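Descriptive analysis of the structure
Spelled out from the first residue to the last, the chains are:
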Amino acid sequence: MPTKINALNTPVYVIDEGRIKHNLEILKGVEERTGCHILLAQKAFSAFALYPLIGSYISGATASGLYEARLAHEEMTTGRHENHVFEPAFTDAEMAEIVTICDHISFNSLRQLEHHRPAWEKAGVSVGIRINPEHSTQDHAIYDPCAPGSRLGVRRCDMPDHLPAGVEGIHFHTLCEQGAEPLAETVRVVEEKFGPLLREAKWINLGGGHHITRDDYNLPLLEETIRHLKDTYDAEIYLEPGEAFALNAGYLVTTVMDIVDNTLPILILDASAACHMPDVLEMPYRPPLKDSGMPNEKAYTCRLGSRTCLSGDIIGDYSFDTMPAIGDRLYFEDMAIYSMVKNNTFNGMPLPDIAIMDENGDCRVIRHFDYHDFKERLS
């Protein structure tokens, strides 16, 4: 039965369906105005209950391996539902299944391309090569595929003068939560280094990391870049954003379970950075929190931590107009991306429920996790 967000059991991820539709309208507009193909990168957002909705707006999905490819094949059944996949290396068993469910495969190396040639040639799948432009435009080393020593993509010095037989596409993915300006800059570098190969390609995949639905994103520059590539190389253009689909479209609702005093008040929550929002520790990343401020900005500054035994399981320091109390609910925002797809059960922490909130504010829980979800991951 539908309920309101403040009556859901916590912790719980709440996906804002109205905001998802808002983002989809923007992405659909880019497709319609440029003729490009936009694909959902499932590594950021894999809430497949919404795949029929997503597929009705855009061209399909892209996967980082067999399981994501299967998920898109099974659940994104509306629209054109193209199914693309990239992975640094595929096993023979994986490739045997992938060629039956994917229409585009991007290989990370010439060796992998040739090793799996018998499978993809027989299946008639369109294949491409991921290139490494060796041009970094970001500061997050962990997410920079152009850094020295990167394992992702083939450098120009390691590519032949012509695309290998049967190869129809070129794929590059270099961005992370970035605007159109770094993309345009990267495209110029790719053209300088790989121009003759681009002219041989039937499709060019610009990868992900495009924050297309962010309020300050430069849509005209993105569309100008896409049209330039289409017109110059007579190729189909693909983009694989992930975050853009669910940007600002979700909450993680948590309850204050206890308060510990040590230099400052420390709120013990039923949600965890390590378990439920790993990017907080990995990036690191400070999630926005509804009705809060930076430390010392408001009257009461508190540290937000989890009930796991990990000393560093700290979400961050936030300030409030009134002092939070045990039993209060806190609403972390922008929690649809890289949360549900990355969470874990360290310490036996329960996984949050997953709910969808419609445009009227009514919520329905679409997945509840319990002890068996913890146990069945183990042996």
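Right, let's walk through the structure included here. Here the structure is a predicted model, which is why all the values come from computation and not from measurement. (Residues numbered from 1 in each chain as written. Predicted model: local features only at pLDDT ≥ 70, side-chain atom pairs only at ≥ 80, totals over all residues. Heavy atoms only, no water.)

1. Observations regarding the pattern of salt bridges
Convention followed: Should a side-chain nitrogen of Lys or Arg be within 4 Å of a carboxyl oxygen of Asp or Glu, the pair is scored as a salt bridge. By definition, any uninterrupted DSSP run of H or I lasting at least four residues is a helix, any uninterrupted run of E lasting at least two residues is a strand, and each is numbered from the N terminus. Only protein chains enter the accessibility calculation, which uses a 1.4 Å probe. A residue is then buried if its area is under 20% of the maximum for its type, exposed if over 50%, and partly exposed in between.
A full pass over the atoms with the stated rule returns 18 salt bridges. Salt-bridge contacts for D279 lead to K342; the nearest nitrogen and oxygen are separated by 2.7 Å. Within this pair, whereas D279 is found in helix α11 (residues 279-282), its partner K342 is found in the loop between β14 (329-333) and β15 (353-357), the two being separated by 63 residues in sequence. Residue K342 is classed as partly exposed on the basis of its relative accessible area, which comes to 24%. Linking K290 and D291 is a salt bridge whose minimum nitrogen-to-oxygen distance equals 3.1 Å. When its relative accessible area of 41% is taken as the criterion, K290 is described as partly exposed. The network of salt bridges with shared partners includes R33, E223 and R227.

2. Overview of the nonpolar core
The condition that has to hold: What makes a nonpolar core is a set of buried Ala, Val, Leu, Ile, Met, Phe, Trp, Tyr and Cys residues whose side-chain atoms join them at distances within 4.5 Å. Contacts: residue pairs with any heavy atoms within 4.5 Å of one another.
Formed by 99 residues in total, the largest nonpolar core has its most connected members in F45, I54, I105, L304 and F332. Examining the composition of this core, we find that eight residues originate from one element, helix α7 (residues 180-198), more than from any other. Ignoring any residue separated from it by four or fewer positions in sequence, one finds I105 in contact with V85, F90, M95, I98, V99, V125, S126, V127 and G128. If you look at the next biggest cluster of nonpolar residues, it comprises nine residues, including V12, V14, V253 and Y331.

3. A few points about the packing of α7 against helix α8 (residues 219-233)
Spelled out, the test is: Between the N-to-C directions of two axes lies an angle of 0 to 180 degrees, each axis being a line fitted to C-alpha atoms and, for a helix, fitted only over the stretch in contact. Orientation is classified from the angle alone, with under 35 degrees giving roughly parallel, over 145 giving roughly antiparallel, 65 to 115 giving roughly perpendicular, and any other angle giving oblique. Residue classes follow a fixed rule: Ala, Val, Leu, Ile, Met, Phe, Trp, Tyr, Cys and Pro count as nonpolar, while Asp, Glu, Lys and Arg count as charged, and any other residue, Gly among them, counts as polar.
Closest axis-to-axis distance for the α7/α8 pair is 10 Å, and the angle between their directions is 10 degrees. Judged by the inter-axis angle, α7 sits roughly parallel to α8. In this structure, α7 uses A180, E181, L183, A184, V187, E191, G195 and L198 to contact α8, whose residues at the interface are L221, L222, T225, H228, L229, T232 and Y233. The residue makeup of the contact of α7 with α8, split by class, is nine nonpolar, four polar and two charged.

4. A closer look at a nonpolar patch on the surface
Cut-off, in case you're wondering: Patch membership is restricted to residues that have no salt bridge and whose relative accessible area is over 30%. Joining uses 9 Å for like charges and 5 Å for the nonpolar side chains Val, Leu, Ile, Met, Phe, Trp and Tyr. Each accessible area value is a Shrake-Rupley result obtained with a 1.4 Å probe; residue values ignore everything except the protein chains displayed when judging cover.
On the surface, L281, L310 and F346 cluster together into a nonpolar patch covering about 250 Å² of accessible area. Position of F346 relative to the elements: it lies in the loop between β14 and β15. Relative accessible area serves as the criterion here: at 39%, F346 is assigned to the partly exposed category.

5. Considering the packing of aromatic side chains
Note the threshold: Here a Phe, Tyr or Trp ring, Trp counted by its six-membered ring, pairs with any other such ring whose centre lies within 6.5 Å, and the pair is stacked when the planes are under 30 degrees apart, edge-to-face when over 60, and tilted otherwise.
According to the stated counting rule, one finds four aromatic pairs in the structure shown. Judged by centre distance (5.8 Å) and plane angle (80 degrees), the rings of F90 and F107 are edge-to-face. You can see F90 sitting in the loop between β4 (82-87) and α4 (92-101) and its partner F107 sitting in strand β5 (residues 104-107), a full 17 residues away along the chain. We classify F90 as buried; its relative accessible area is 4%. Pairing Y371 with F374 gives two aromatic rings, centres 6.2 Å apart and planes at 50 degrees, and the pair type is tilted.

6. Let's talk about the state of the cysteines
Going by this rule: Only a pair of cysteine sulfur atoms within 2.5 Å qualifies as a disulfide here.
Summed over all chains, the structure comprises zero disulfides. The closest cysteine sulfur to the non-disulfide-bonded C275 is located on C309, 9.3 Å from its own sulfur.

7. Regarding the sheet that holds β5
Keep this limit in mind: A pair of strands is labelled paired if DSSP reports no fewer than 2 bridges between them.
Taking strand neighbours around the barrel as the criterion, the eight strands line up as β2-β3-β4-β5-β6-β7-β8-β9 in a closed arrangement whose pairing is parallel. On average, each strand axis in the sheet is tilted by 25 degrees relative to the strand beside it, whichever way the strands run. In the sheet, β5 pairs with strand β6 (residues 126-130) via four bridges, with the strands oriented parallel. Among the inter-strand pairings, H104 is bridged to a residue of β6, identified as S126.

8. As for α7
Note the threshold: A helix is expected to span 1.5 Å multiplied by its residue count minus one. The bend at a residue is defined as the angle formed between two axes, one fitted to the seven residues ending at that residue and one fitted to the seven starting there.
Taking 1.5 Å per residue as the helical rise, α7 with its 19 residues ought to reach 27 Å, whereas the 20 Å between its terminal C-alpha atoms falls clearly short. Largest kink in α7: about 65 degrees, centred on E192, with the proline P196 one to four residues after it.

9. Description of unusual backbone geometry
Backbone torsion omega between T10 and P11 reads -5 degrees, so that peptide bond is classified as cis. Between M283 and P284 the backbone carries a cis peptide bond, its omega angle lying at -5 degrees. Along the chain, P284 turns up in the loop between α11 and β12 (300-306). Located in the positive-phi region is N296, a residue other than glycine, with phi close to 70 degrees. Tracing the chain through its elements places N296 in the loop between α11 and β12. Note on N296: relative accessible area 66%, which makes it exposed. Despite not being glycine, N347 has its phi angle at roughly 70 degrees, a positive value. Within the element layout of this structure, N347 appears in the loop between β14 and β15.

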